[in-house]
Amino acid sequence: MASENLKQDQAAQAKLWSFIYGFAESLVLKSVIQLDIPDIIHNHGKPMTLSNLASRIPSPNGAADHDRLFRIMRYLVHMNLFTKESIDGEDHYGLAPPAKYLVKGWEKSMVPSILCITDKEFMSPWYHLKEGLGNESTTAFEKALGMNIWDYMSKNPKKNNIFNEAMACDTRLLMSALVSECKDMFQGIKSLVDVGGGTGTAVRHIAKAYPHINCSVYDLPHVAADSPTYPEVTRIEGDMFKFIPKADAILMKCILHDWADDECIKILKKCKEALPSNGGKVILVEVVLNALSEHPYTKIRMVSDLDMMLNCGGKERTEGEWKNLIYAAGFSRYNIRQLDFTQYVIEVYP
Ligand SMILES: C[S@@+](CC[C@H](N)C(=O)[O-])C[C@H]1O[C@@H](n2cnc3c(N)ncnc32)[C@H](O)[C@@H]1O
Ligand SMILES: COc1cc(O)c(CC=C(C)C)c(O)c1C(=O)/C=C/c1ccc(O)cc1
């Protein structure tokens, strides 16, 4: 019996140690990208020995230290991101399937998201989580960085670029599903505006897939300043709380989860005013929280919810919470479909 208790104690302590060290996975991921390791192995075209890998990693004293590199690679193999196989008696390191998303510069690279989420400043609001439990409206982001996230982005062009690149990266991963699996959604639409559309990634995909739609992207001036020009997309600068450009369809991806309920209702009411008097629709791309379950993606959705609370005072919502917002803003009906492992499309009708 005593040994059964001991086993349970040890399992509980081990569980806690694994949470205590939870930060290590994302920070090792960040370092490995900064060291260019996924790109070096990818460009080599096959698994590499440690010494070959070390010789290609620049370090102040020449090649990287073998023992230190070995220990980092051992952890990455343990994370199932890299492979280790013995060829002719020597260990060779290769990319496991998820590591292709760690290679830079291709359409589905997740590197911009990883560099954004692990940005030192971005992580600082997490140190203020406990202070955010009162009912005051100051976010943890404001406590950590002295101003709200959107003002901060407008005053820090480098961080603005890191953030915009991360949003564009997330959008690129989703767009082929959105344009190919929601064809019916784009039928009968002559004009579409992507409100809070960032650098224009989503709307550019839509314009390419549906050239008959007149597409615009609407965002704050500092985001426009950080955006490329696309001939098929009109760019409009402004504040969605003051004005929303008129269109048959208003797209908002990852916008309402940035805001508290009263602000969402204001934005949705403004959208309603911008739709044609005889119809039109708002297309939301957002997380929909289900009843909490052991589903593997539940953790991502719940962490995203905390992320929104900390960074901008927003939240992830259940279908019931979406329904309340939609009706409170004066819309009459909606439908929901699932797009990928976290994102859903909610079509909202006046
Ligand atoms: C989380 S990002 C989403 C970007 C894009 N929709 C996407 O999913 O890639 C939120 C966007 O809302 C924009 N935004 C914030 N406040 C705004 C406002 N008052 N008016 C217009 N856009 C705003 C931000 O600049 C940012 O580009
Ligand atoms: C306001 O912060 C965010 C808003 C978002 O809508 C997303 C997208 C979320 C999902 C697709 C689930 C975000 O990822 C964020 C952030 O995580 C913000 C990151 C950030 C903030 C400030 C910085 O200097 C760097 C990164």
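Rules and cut-offs
Residues numbered from 1 in each chain as written. Chains lettered and ligands numbered in written order. Predicted model: local features only at pLDDT ≥ 70, side-chain atom pairs only at ≥ 80, totals over all residues. Heavy atoms only, no water. Near = heavy atom within 4 Å. Polar contact = N/O pair within 3.5 Å; in protein donor to acceptor, adjacent residues only side chain to side chain. Areas by Shrake-Rupley, 256 points an atom, 1.4 Å probe, with all protein chains shown as cover. Helix = DSSP H or I, 4+ residues; strand = E, 2+ residues; numbered from the N terminus. Phe/Tyr/Trp six-rings, centres within 6.5 Å; stacked < 30°, edge-to-face > 60°. Buried < 20%, exposed > 50% of the residue type's maximum accessible area, 1.4 Å probe, protein only. Core = buried A, V, L, I, M, F, W, Y, C linked by side-chain atoms within 4.5 Å. Contact = heavy atoms within 4.5 Å. Pairing = 2+ DSSP bridges. UniProt positions renumbered as here; feature names shortened; annotations may be inferred. Nonpolar A, V, L, I, M, F, W, Y, C, P; charged D, E, K, R; others polar. Salt bridge = Lys/Arg side-chain N within 4 Å of Asp/Glu carboxyl O. Axes fitted to C-alpha atoms, helices over the stretch in contact; angles between N-to-C directions.

(A) Quick look at the site of ligand 1. Residues in contact with ligand 1 amount to 19 residues; listed here are only the nearest, Thr171, Gly196, Asp219, Asp239 and Lys253. Glycine 196 is positioned such that a nitrogen or oxygen atom in its backbone is 2.8 Å from a nitrogen atom of ligand 1. The contact in question runs from an oxygen atom of ligand 1 to an N or O atom on the side chain of aspartate 219, over 2.7 Å. Its free accessible area being 590 Å², ligand 1 has 95% of it covered by the protein chains. Here the element with the most residues in the shell around ligand 1 is helix α10 (residues 157–181); it accounts for three residues.

(B) Expanded view of the packing of aromatic side chains. Counted according to the given criterion, the structure contains eleven aromatic pairs. Summarising the aromatic geometry, the rings of phenylalanine 141 and tyrosine 152 are spaced 5.3 Å apart at their centres and angled 80° between planes, so their arrangement reads as edge-to-face. In this pair, phenylalanine 141 is assigned in helix α8 (residues 140–145) and tyrosine 152 in helix α9 (residues 149–155), connecting sequence segments eleven residues apart. Taking the relative accessible area as the measure of exposure, phenylalanine 141 reaches 3% and is therefore buried. Considering the side-chain rings of phenylalanine 186 and tyrosine 210, the 4.7 Å spacing of their centres and the 25° angle between planes classify their relative orientation as stacked. Remark: tyrosine 210 occurs in the loop between α11 (201–209) and β5 (214–219) and phenylalanine 186 occurs in the loop between α10 and β4 (191–195); sequence separation between them is 24 residues. The pair phenylalanine 186 / tyrosine 210 is uniform in exposure class, with both members buried. Following the ring pairs from residue to residue traces out a cluster consisting of Trp150, Phe163, Phe241 and Trp259.

(C) Spotlight on the nonpolar core. Core analysis: the biggest nonpolar cluster contains 29 residues, and Ile250, Met252 and Val282 have the highest contact counts within it. Among the secondary structure elements, those contributing two or more residues to this core are β4, β7 (249–253), α13 (261–274), β8 (281–289), α15 (319–328) and β11 (343–349). No other element matches α13, which puts five residues into this core. If we skip the residues at most four places from it in the chain, valine 282 touches Ile250, Met252, Leu268, Cys271, Leu275, Phe331, Ile346, Glu347 and Val348. Core analysis: the next-biggest nonpolar cluster, separate from the first, contains 26 residues, Ala177, Leu178, Ile189 and Tyr210 among them.

(D) View of the pairing of strand β2 (residues 82–87). Where β2 meets strand β3 (residues 90–95), six bridges bridge the pair, whose relative direction is antiparallel. Of the residues in β3, the one forming a bridge with lysine 84 is tyrosine 93.

(E) The arrangement of the UniProt feature "domain: O-methyltransferase dimerisation" (unreviewed entry) in the protein chain in detail. What UniProt calls "domain: O-methyltransferase dimerisation" (unreviewed entry) maps, in this numbering, to residues 17–104. Its end C-alpha atoms 32 Å apart, residues 17–104 is made of 51% helix and 16% strand.

(F) Layout of the site of ligand 2. In the vicinity of ligand 2 lie 22 residues, with Cys116, Phe122, His257, Asp258 and Asp307 positioned nearest. At a separation of 3.1 Å, an oxygen atom of ligand 2 approaches a polar side-chain atom of aspartate 307. Coverage of ligand 2 by the protein chains reaches 92% of its 590 Å² of free accessible surface. At the level of elements, α6 (111–117), α9, α10 and α14 (298–312) are the ones that each hand at least two residues to the shell around ligand 2. A per-element tally of the shell around ligand 2 places α14 first, with five residues. Taken together, the residues of the shell around ligand 2 break down into 13 nonpolar, four polar and five charged.

(G) View of the pattern of salt bridges. All chains considered together, the criterion is met by 15 salt bridges. With a shortest N-O distance of 2.3 Å, aspartate 36 and lysine 104 are connected by a salt bridge. Remark: lysine 104 occurs in the loop between β3 and α6 and aspartate 36 occurs in the loop between α2 (22–34) and α3 (37–44); sequence separation between them is 68 residues. Since its relative accessible area comes to 32%, aspartate 36 is described here as partly exposed.

(H) Up close: the sheet that holds β3. Strands sit in the order β1-β3-β2 across an open sheet of three strands; the sheet is antiparallel. Among the strands making up the open sheet, the edge pair consists of β1 (48–49) and β2. Two strands pair when backbone bridges link them, and β1 and β3 are joined in this way by two bridges, in the antiparallel orientation. Each residue of the ladder has a partner; that of methionine 48, found in β3, is tyrosine 93. Sheet contacts for helix α5 (residues 66–78): β2 and β3; angle to β2, the most-contacted strand, approximately 110°.

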